[in-house]
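Each chain is listed here by its residues.
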Amino acid sequence: MQEVNVGIIGVGNVGMGALTILTENADQIALKLGFSLRVKALCSPSIASRNLPPATANIFKTTDWREVVAHPEVDIVAELVGGTTVAREIIDAAVARGKSIVTANKELMALCGAEIWDRAIAAGINLAMEASVAGGIPIHSVLREGISGDRITTLYGILNGTSNFILTEIEKRGVSFEEVLREAQQLGYAEADPSADVDGYDARSKLAILSALAFGEKITPSDIYTEGIRRIQPVDFDYAHQLDHTIRLICSARQSVAGLILSVRPALIPRSTILAGVQGAYNAVWVLGKYGEDTFYYGRGAGSAPTGVAVVSDLMRVAREIRAGSPERVSPFAHERLGEYKPIPVTLQHSAYYLRFRVEDRPGIIATLSRILADKQISLEAVLQLPSDNWRDRPFVITIEPASEQAVREALAEMSHNDFLVEPPLAMPMEKSL
């Protein structure tokens, strides 16, 4: 059969991984497809200085992405530049020219992927985005096809490898967030500006995409309550272990009676759960369905080769569709049309909470805090205080029985006015439902 040709725009970490696989694994790919999948064009601002695989010697190379999109022999455009400006221009131009698209762009697809898909379907082309979430874990395929017959009720994920690496290193070695962040930057896990990772925004984009897939609603990322990991200290793991829990940055999507509740935040999870065992830069997703119940997916969440595999697999799927000439395309969002999402405030959530305080020690502190909790109809479960020699900065923890987040926030706001606090209290939900 006639080969299908690919144009790759962006030869960074992901682009190089995909290019290496497409060239080194070309024979196996052809055996699986029944025809060849060829790289016809490459684009990068620094293409002349890139150390490209030898097999790319005769491939058309350019610094102008428009030349790739306009190339008459390119059937599929792989947008691997990221961001929401130039990437959007690339995708719009490909749609206008009737060329199918593969993207790894989580931010763009979270913001306007459903609208882009509608335009792609109208243009008679395909759009695939497996690499946009969880790197080498084929979680899109799972939700779109593998368990599509189920009705998803809950989805929990560890979706940012940088944050998970930082948290697990703090846990293992008892060192500060700042020290581990510097190490993560040196290892290439974290960017010079790490805010997208450690403040939860990267994970938020991924949760928006997975929630659309799982629940069929058009999620706006800014509607998702998001909190990062900057305030987590080694002492928090000490106390979490006392409670037989650990701490992870958890992406949560749950169907409640009121509607879909979404959040990205650090949380305590029981050490007996499978998510607690996710270490380092790995990602994982736990899904609960009404009929199929629990399923779990684990693997590398980033990296040149794992994410490159996801890109190449998408290219193969789109290439098959092009060759089959199928007029019916499965939406990358798993639903023919996404419903409008009506944000449900996370303050409606009921959960047990971990409250960590740092105080200048004096008599009556526990009584003061307990009175504020009681005024909000919040019941204490336990008070924990590990030995500390520094009375000017003494940490301790109060755990509370399940309560509404609204009540907890009101209590914390009132507590914050007390002059014995070294810093505002830190609150994390205790996810006992996992």
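Each value, and the rule that gives it
- Residues numbered from 1 in each chain as written.
- Predicted model: local features only at pLDDT ≥ 70, side-chain atom pairs only at ≥ 80, totals over all residues.
- Heavy atoms only, no water.
- Axes fitted to C-alpha atoms, helices over the stretch in contact; angles between N-to-C directions.
- Helix = DSSP H or I, 4+ residues; strand = E, 2+ residues; numbered from the N terminus.
- Left-handed = near helix turned anticlockwise from the far one by under 90°.
- Contact = heavy atoms within 4.5 Å.
- Nonpolar A, V, L, I, M, F, W, Y, C, P; charged D, E, K, R; others polar.
- Pairing = 2+ DSSP bridges.
- Buried < 20%, exposed > 50% of the residue type's maximum accessible area, 1.4 Å probe, protein only.
- Patch = residues over 30% accessible without salt bridge, like charges linked within 9 Å, V, L, I, M, F, W, Y side chains within 5 Å.
- Areas by Shrake-Rupley, 256 points an atom, 1.4 Å probe, with all protein chains shown as cover.
- Salt bridge = Lys/Arg side-chain N within 4 Å of Asp/Glu carboxyl O.
- Phe/Tyr/Trp six-rings, centres within 6.5 Å; stacked < 30°, edge-to-face > 60°.
- Core = buried A, V, L, I, M, F, W, Y, C linked by side-chain atoms within 4.5 Å.
- Polar contact = N/O pair within 3.5 Å; in protein donor to acceptor, adjacent residues only side chain to side chain.

**Q** Explain the packing of helix 2 (residues 26-33) against helix 12 (residues 304-324) to me, and be specific about the residues and the numbers.
**A** The interhelical angle for the contact between helix 2 and helix 12, taken along N-to-C directions, is 35 degrees, at an axis separation of 11 Å. Every pair of crossing elements has a handedness; the one defined by helix 2 and helix 12 is right-handed. The segment helix 2 lies against helix 12, with Ile-29, Lys-32 and Leu-33 engaging Val-312, Met-316 and Arg-320. Tallied by class, the residues present in the contact of helix 2 with helix 12 amount to four nonpolar, no polar and two charged.

**Q** So, the sheet that holds strand 6 (residues 127-128): which residues are in play, and what are the values?
**A** Taken in spatial order, the six strands make up an open sheet running 3-2-1-4-5-6, and their pairing is parallel. What marks the edges here is a single partner per strand, and that holds for strand 3 (60-62) and strand 6. As defined by bridge partners, strand 4 (residues 76-79) adjoins strand 5 (residues 100-103) across four bridges and the pair is classed as parallel. Paired with Ala-78 across the bridge in strand 5 is Val-102.

**Q** Could you give me a rundown of helix 11 (residues 234-242), with the residues and numbers involved?
**A** Because each turn of an α-helix spans 3.6 residues, side chains separated by three or four positions end up pointing in the same direction. Turning to helix 11, its buried residues number three or more, namely Val-235, Asp-236, Phe-237, Tyr-239 and Ala-240. Directly after helix 11, the chain includes Asp-244, whose backbone phi takes a positive value near 60 degrees.

**Q** Give a description of a nonpolar patch on the surface that names residues and reports values.
**A** A grouping of Ile-366, Leu-380 and Val-383 is seen on the molecular surface, where their side chains present a nonpolar patch of about 210 Å² in accessible area. Turning to its location among the elements, Ile-366 is positioned in helix 13 (residues 365-375). Ile-366 gets classed as partly exposed once you look at its relative accessible area, which sits at 34%.

**Q** I'd like a rundown of the packing of aromatic side chains, residues and numbers included.
**A** The geometry of an aromatic ring pair is captured by the separation of the ring centres together with the interplanar angle, meaning the angle of the planes. Enumeration over the complete set of coordinates arrives at four aromatic pairs. Taking 5.0 Å as the distance between ring centres and 5 degrees as the angle between the ring planes, the aromatic pair formed by Tyr-282 and Tyr-298 counts as stacked. Linking Tyr-282 in strand 12 (residues 282-289) with Tyr-298 in strand 13 (residues 293-300), this pair joins segments that are 16 residues apart in sequence. When its relative accessible area of 24% is taken as the criterion, Tyr-282 is described as partly exposed. Aromatic side chains Phe-357 and Phe-396 sit 5.2 Å apart centroid to centroid with 20 degrees between the ring planes, which places their arrangement in the stacked category. Of the two residues, Phe-357 is situated in strand 15 (residues 350-359) and Phe-396 in strand 17 (residues 394-404); the sequence distance between them amounts to 39 residues.

**Q** Talk me through the pairing of strand 18 (residues 426-430); I want residue IDs and the actual numbers.
**A** Burial of strand 18 is extensive: five of the five residues sit out of reach of the surface. As paired strands, strand 15 and strand 18 are joined by five bridges and run antiparallel to one another. From the neighbouring strand, Ala-352 faces strand 18, where its bridge partner is Met-430.

**Q** Just give me the short version of the pattern of salt bridges, but keep the residues and values in it.
**A** Taken as a whole, this structure holds 26 salt bridges when the rule is applied. The shortest N-O distance in the salt bridge between Asp-64 and Arg-66 comes to 3.3 Å. For Glu-115, the salt bridge is made with Arg-88, and the minimal N-O distance between the two is 2.8 Å. With Glu-115 in helix 5 (residues 106-122) and Arg-88 in helix 4 (residues 86-96), the pair connects residues that are 27 residues apart, well separated along the chain. One continuous salt-bridge network, built from bridges that share partners, spans Arg-231, Asp-236, Arg-356, Arg-358, Asp-393 and Glu-423.

**Q** So, the environment of Leu-37: which residues are in play, and what are the values?
**A** Take Leu-37: it is sitting in strand 2 (residues 37-43). You can call Leu-37 buried: its relative accessible area is 6%. Residues Leu-37 and Arg-151 lie 114 residues apart in sequence; the distance between their C-alpha atoms is 36 Å.

**Q** Give me the lowdown on the nonpolar core, citing residues and values where you can.
**A** Formed by 106 residues in total, the largest nonpolar core has its most connected members in Ile-139, Leu-155, Ile-166, Leu-210, Leu-355 and Phe-357. With nine residues, the single largest contributor to this core is helix 10 (residues 201-215). Not counting chain neighbours up to four residues away, the residues in contact with Leu-355 comprise Leu-373, Phe-396, Val-397, Ile-398, Ile-400, Val-408, Leu-412, Leu-426 and Ala-427. Among the nonpolar cores identified, the runner-up in size contains 32 residues, and Val-11, Leu-19, Leu-42 and Val-311 belong to it.

**Q** How would you sum up the side chain of Thr-368? Please name residues and give values.
**A** You can see Thr-368 is positioned in helix 13. Residue Thr-368 is classed as buried on the basis of its relative accessible area of 17%. Side-chain polar atoms of Thr-368 contact the backbone oxygen of Gly-364, separated by 2.9 Å. Dropping the residues within four chain positions of it, Thr-368 is found in contact with Asn-418 and Phe-420.

**Q** Tell me what's going on with the pairing of strand 11 (residues 260-270), and back it up with residues and numbers.
**A** Burial within strand 11 is extensive, with 11 of its 11 residues counted as buried. Neither face of strand 11 is left uncovered, since the one carrying Leu-260, Leu-262, Val-264, Pro-266, Leu-268 and Pro-270 and the one carrying Ile-261, Ser-263, Arg-265, Ala-267 and Ile-269 both have all their residues buried. By the bridge criterion, two bridges tie strand 9 (residues 225-226) to strand 11 in an arrangement that is parallel. Pairing of Thr-226 across the sheet is with Val-264, part of strand 11. Taken together, the 11 bridges between strand 10 (residues 245-255) and strand 11 define a ladder with antiparallel strand orientation. Opposite His-245, over in strand 11, you have Pro-270 as the bridge partner. Hairpin connection of strand 10 to strand 11: four residues between the antiparallel strands, including Gly-259 at a positive phi of 145 degrees.

**Q** Before we move on, could you go through helix 6 (residues 139-146) and cite the residues and values that matter?
**A** Along helix 6, the residues classified as buried are Ile-139, His-140, Val-142, Leu-143 and Arg-144. Tucked into the core, helix 6 has its buried residues touching strand 7 (152-158), helix 10, strand 12, strand 13 and helix 12.

**Q** Describe the side chain of Thr-154, listing the residues and the values that go with them.
**A** Here Thr-154 shows up in strand 7. Apart from residues lying up to four places away in sequence, Thr-154 is in contact with Phe-215, Ala-253, Arg-254, Trp-286, Val-287 and Leu-288.

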